[in-house]
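Now for the letters of each chain:
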Amino acid sequence: MSTSVSPPTAAVDRQRENAVFRKVVLRIVPFLMLCYVVSYLDRVNVGFAKLQMSDDLGFSEAAFGLGAGLFFIGYFIFEVPSNVLLQKVGARVWIARIMITWGIVSAAFMFVNSEAMFYVLRFLLGVAEAGFYPGVILYCTYWFPSHRRAKVIALFMSAIPLAGIFGNPLSGWIMDQFDGRNGLQGWQWMFLLEAIPAVLVGIWTLFYLDRGVRSAKWLDEEEKQVIETAIAKDSAHKDVHAPIWDAFKQPKVWLMSLIYFCFVMGQYALTFWMPTFVKSTGIEGALAIGLLSAIPYLAALITMNLFGWSADKRRERRWHLVVPALMGTVGFTLASAWSGSTALSLVALSIAAAGVLTCAPLFWSLPTSFLGGTAAAAGIAVINSVGNLAGFVSPYMIGAIKDATGSTQLPMYVLALVLAVGAAVVLTTRKDVVNR
């Protein structure tokens, strides 16, 4: 009798669990996506500002690349302390603080009048935003077991291509339409207007996010128990429950940092230099560049969600990372070879964007499969901050090579090689640990 009853009962339990997690996704993920769209737009709109700002202020390609990358130095220094504080004070308060302060700093870019001021503000923007992204990843571990997390993080990180799809044309439109108004250049208006949503959404965060499952008034007691049971069952296999600072001693944490560094090299090459890449094919006008720059992000939006859905369905992580990393390798290689044609360059950049932007959400299924307990906050922050140092290396490398050679082709070949290395390192991970 028990065998005839168990399967239907198990099916009902699965349906109930699926319904609960759908409710959690609908409540949390769209809001976090909104936060990240605002965050990412303020982080990378400097790439659009460059179209006017560099000429107005006399910045070289290397100076722009250095300033763009200094964001990640501030980010690196304050990432772990910020994420540890987030765990102590709660996501609601800390994420709100992060958003409000980065909005204020981002608006201050309208006053930049020298390389030194540009460098200082980019560093301070990194300090202000430190902890946001890994904080969200950590926050997701409170609500979703690992076998549901790739799809959720892919949805959340859809904010990156969404910021490109809507933000690039918006930035171009603001720079074209507001240029010269009230004595301000188009790039100054862009920094001011695109900073306002960060402050407003930051204030909204204080009223919307919950500290955790127990404090969620929109869940009943049975729903809370379903989530807590799933999280507890998922946590049983995790083998890193050490004190916070012991995360620095874990070889696997540094291996993850290397993999992430390789992927971030490609990601920020695209986001900081996409407008310049498109302009180099002969396109004129900020709005036209913005509209064409949105095309690769649309390809990335579709690809990252297809791969996230597939990774969770099959509970396979390694090859779902290797394939998009190799797509990035192919895309950058073709972009270099086809740089003389706008249409072919956009095809190549779309392949590259689909690959490198898909790597990021799927990557986080690897470290969160073994990081648990108090080590998770610091471990995730270490991986994110070390990996994001590529955000400093990548734009500065491209700018320096472009100044030295006058070509964007060589740095693309370097980026292709780095992504191939990242794919190879992924295959050194144990599939019995990460395929969950």
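Heads up: the structure comes first, above all this text.
Just so we're clear, the structure is a prediction, and the values are computed from it rather than from any experiment.

Draft legend 1. Representation of the overall build of the protein within the structure. Secondary structure summary: the protein contains 18 helices and zero strands in total. Sequence-distant contacts in the protein: of pairs separated by 6 or more residues, those separated by 24 or more amount to 83%. Carbon and sulfur atoms make up 67% of the accessible area of the protein, which amounts to about 16300 Å² in all.

Draft legend 2. Layout of the packing of helix α2 (residues 46-57) against helix α8 (residues 159-177). Between α2 and α8, whose axes approach to 9 Å, the crossing angle comes to 25 degrees. Of the possible angle classes, the one that applies to α2 and α8 is roughly parallel. In this structure, α2 crosses over α8, and the sense of that crossing is right-handed. Residues F48, A49, L51 and Q52 of α2 lie in contact with α8, whose contacting residues are N168, S171, G172 and M175. Along the lines of polarity and charge, the residues of the contact of α2 with α8 split into four nonpolar, four polar and no charged.

Draft legend 3. Expanded view of the side chain of T429. Summarising the element assignment, T429 is placed in the loop between α17 (409-426) and α18 (431-434). Within the structure, the side chain of T429 is placed 2.7 Å from the backbone oxygen of V426, a separation counted as a polar contact.

Draft legend 4. Here's a closer look at the packing of helix α16 (residues 390-405) against α17. Packing of α16 against α17 brings their axes to within 8 Å, and their N-to-C directions diverge by 145 degrees. Considering the relative orientation of α16 and α17, their crossing is right-handed. For the pair formed by α16 and α17, the contact residues are S394, M397, I398 and I401 on the first element and L410, P411, V414 and L415 on the second. Of the residues assigned to the contact of α16 with α17, the class counts are seven nonpolar, one polar and no charged.

Draft legend 5. Representation of the nonpolar core. Core analysis: the biggest nonpolar cluster contains 143 residues, and W143, F263 and F332 have the highest contact counts within it. Setting aside chain neighbours within four positions, we find F263 in contact with L321, A325, C359, F363, L419, G422, A423 and V426.

Draft legend 6. Region of interest: a negative patch on the surface. A cluster of acidic residues, D55, D56, D176 and D179, forms a negative patch on the protein surface. Relative to the elements of secondary structure, D179 occurs in the loop between α8 and α9 (186-208).

Draft legend 7. Quick look at the packing of aromatic side chains. Taken as a whole, this structure holds 24 aromatic pairs when the rule is applied. Aromatic pair W173 and F178: ring centres 5.8 Å apart, planes at 75 degrees, arrangement edge-to-face. For F178, a relative accessible area of 17% puts it in the buried group. Site record: aromatic cluster; members linked through ring pairs are F59, F64, F109, F118, Y119, W187 and F191. When the ring centre of F64 is taken as reference, the NZ or CZ atom of K50 above it lies at 5.6 Å.

Draft legend 8. Looking closely at the environment of Y142. Position of Y142 among the secondary structure elements: in helix α6 (residues 132-143). Residue Y142 is classed as partly exposed on the basis of its relative accessible area of 28%. Residues Y142 and G212 lie 70 residues apart in sequence; the distance between their C-alpha atoms is 6.6 Å. For Y142, the residues in contact, after removing those within four places along its chain, are Q87, R211, V213, I227 and I231.

Draft legend 9. Spatial organisation of the pattern of salt bridges. With the rule as written, the count across this model stands at six salt bridges. Here E223 makes a salt bridge to K23, at a shortest N to O gap of 3.2 Å. With a gap of 200 residues between them, E223 in helix α10 (residues 221-235) and K23 in helix α1 (residues 2-44) connect regions that are remote in the sequence. R214 serves as the salt-bridge partner of E228, at 2.8 Å between the closest nitrogen and oxygen. Taken together, the residues E228 in helix α10 and R214 in the loop between α9 and α10 connect sequence positions 14 residues apart. For E228, a relative accessible area of 31% gives the class partly exposed. One salt-bridge network, held together by shared partners, links R214, E221 and E228.

Draft legend 10. Up close: a nonpolar patch on the surface. Together, L34, V89, V93, I203, W204, L206 and F207 give the surface a local cluster of nonpolar side chains, amounting to about 610 Å² of exposed area. Element by element, the count of residues in the nonpolar patch is highest for α9, at four residues. Here W204 is to be found in helix α9.

About the cut-offs
- Residues numbered from 1 in each chain as written.
- Predicted model: local features only at pLDDT ≥ 70, side-chain atom pairs only at ≥ 80, totals over all residues.
- Heavy atoms only, no water.
- Helix = DSSP H or I, 4+ residues; strand = E, 2+ residues; numbered from the N terminus.
- Contact = heavy atoms within 4.5 Å.
- Areas by Shrake-Rupley, 256 points an atom, 1.4 Å probe, with all protein chains shown as cover.
- Axes fitted to C-alpha atoms, helices over the stretch in contact; angles between N-to-C directions.
- Parallel < 35°, antiparallel > 145°, perpendicular 65-115°, else oblique.
- Left-handed = near helix turned anticlockwise from the far one by under 90°.
- Nonpolar A, V, L, I, M, F, W, Y, C, P; charged D, E, K, R; others polar.
- Polar contact = N/O pair within 3.5 Å; in protein donor to acceptor, adjacent residues only side chain to side chain.
- Core = buried A, V, L, I, M, F, W, Y, C linked by side-chain atoms within 4.5 Å.
- Buried < 20%, exposed > 50% of the residue type's maximum accessible area, 1.4 Å probe, protein only.
- Patch = residues over 30% accessible without salt bridge, like charges linked within 9 Å, V, L, I, M, F, W, Y side chains within 5 Å.
- Salt bridge = Lys/Arg side-chain N within 4 Å of Asp/Glu carboxyl O.
- Lys, Arg positive; Asp, Glu negative; His and termini not counted.
- Charge placed at Lys NZ, Arg CZ, Asp CG, Glu CD.
- Phe/Tyr/Trp six-rings, centres within 6.5 Å; stacked < 30°, edge-to-face > 60°.
- Lys NZ or Arg CZ within 6 Å of the ring centre and 35° of its normal.

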